[in-house]
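# Structure assessment
Read off the chains here:
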Amino acid sequence: DLTLRSDAETTETIVIESRGNVVDTESAKTSTSYNAEFIEGLPIIGHNYQDILTLAPGVTDTDGDGNPNVKGARDTGLQYRLDGGNITDPVSGTFGQNLNADIIEEVEVITSGASAEFGRADGGFANIITKSGGNDFEGRFSVFWQGKFLNGNGANNNDVNTFDDEIPSYNDIRTSLSLGGAIVKDKLWYFASVEILDTEDPQDVIGSDILITSRGNYSFGKLTWQADSFNKLALQVVGDPRDFRGFGLGLGVSPDSDFEFAQGSLTPQLKWTSTISPQLLLESNVTHFSSGIALTPISKHFEPTTVATVLDQRVTPNIISAKYPCQFTNCDPAFGEKSTY
């Protein structure tokens, strides 16, 4: 015989309740994290990851140079880390590398109480975690554009609008392509992204309409290998070559006095993660960060000039660029001077 029973008699309900500690007594770290979904939805002008950092409590960037300070510390007190590797400029103490925001999986801003793996900073830490490929093929293509048609006069945000007539026409175009997937499923994955930059930025300078132009790219490539259940290797390379023009211009300055400002670096990184036991995890990271800035005159009036530099009691010949030949300035040919600098 079949007997029908109600759901209440045949269903067992188990309720599990879990509550976190109101105050974490095991860690003194104060941090704020932002994931890729949150970053993608932000209306950030310029699409720069440095602007994300200022969303954390206690972090400000009053001069807007992309180098925020943490709780009153100097802007050189914030250390930048990419997947654990230090990408802080060792000369200036500011950020040393630009990144395509599409490669960021998460940004963690630590403002106090950092653990023992962090050090050599008196302000805070910006830990940037990049994306990795998975078993499914995924791609993303995007174009970001700014221009006078949409921005107008910047919503009248300028304290003093000194453009001669009106803001000149300009275009800021950033094209990005990202691809990720598996070379060998469950074993070997790839992720690559490149952002092409072709930008113009009008400067509010008295008596002159100046455009800061820029060309370059932010590129990223990553291979992840799951060697076995306990060991994983990740090899990645980041590059950000970029050239600027217009920095040398101003009121009453001839266009011949401008120069090309080139910057960028190529940062390879190898990371090994090993699970030794349920309580012990080993993480090893090797990063090589090398960056530089070059200033190259664009005028034909500049001439290469060899000068001697004394460094550690050694005389080293260096090549610099003279400002103008003799016929334009007061140099004395009787002393063998062919140009001034």
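To keep things clear, this report deals only with the structure shown in the data block. This one's a predicted model, so the numbers in the text were calculated from it and none came from an experiment.

## Comments concerning the pattern of salt bridges
Oppositely charged side chains can form a pair if their charged atoms are brought close together. Evaluation of the coordinates by the stated rule reveals seven salt bridges. Between aspartate 198 and arginine 215 there is a salt bridge, and its shortest N-O distance comes to 2.8 Å. Of the two residues, aspartate 198 sits in strand S10 (residues 188-205) while arginine 215 sits in strand S11 (residues 208-226), which places them 17 residues apart along the sequence. When its relative accessible area of 34% is taken as the criterion, aspartate 198 is described as partly exposed. Close ionic contact of arginine 245 with glutamate 260 constitutes a salt bridge, the shortest N to O distance being 3.9 Å. One end of the pair, arginine 245, is in strand S13 (residues 242-245); the other, glutamate 260, is in strand S14 (residues 259-277), with 15 residues separating them in the sequence. Taking relative accessible area as the criterion, arginine 245 reaches 39% and is therefore assigned partly exposed. Looking at glutamate 260, the relative accessible area reads 25%, which means it is partly exposed. By sharing partners, the salt bridges in this structure join Glu40, Asp102 and Arg140 into a single network.

## Regarding the environment of glutamine 263
Turning to its location among the elements, glutamine 263 is positioned in strand S14. On the basis of relative accessible area, glutamine 263 is assigned to the partly exposed category, the value being 24%. A sequence separation of 21 residues divides glutamine 263 from arginine 242, and the C-alpha atoms of the two residues are 5.6 Å apart. Sequence-distant contacts of glutamine 263, defined by excluding residues within four places in its chain, comprise Asn98, Asp240, Pro241, Arg242, Phe244, Gly292 and Ile293.

Scoring rules and cut-offs
- Residues numbered from 1 in each chain as written.
- Predicted model: local features only at pLDDT ≥ 70, side-chain atom pairs only at ≥ 80, totals over all residues.
- Heavy atoms only, no water.
- Salt bridge = Lys/Arg side-chain N within 4 Å of Asp/Glu carboxyl O.
- Helix = DSSP H or I, 4+ residues; strand = E, 2+ residues; numbered from the N terminus.
- Buried < 20%, exposed > 50% of the residue type's maximum accessible area, 1.4 Å probe, protein only.
- Contact = heavy atoms within 4.5 Å.

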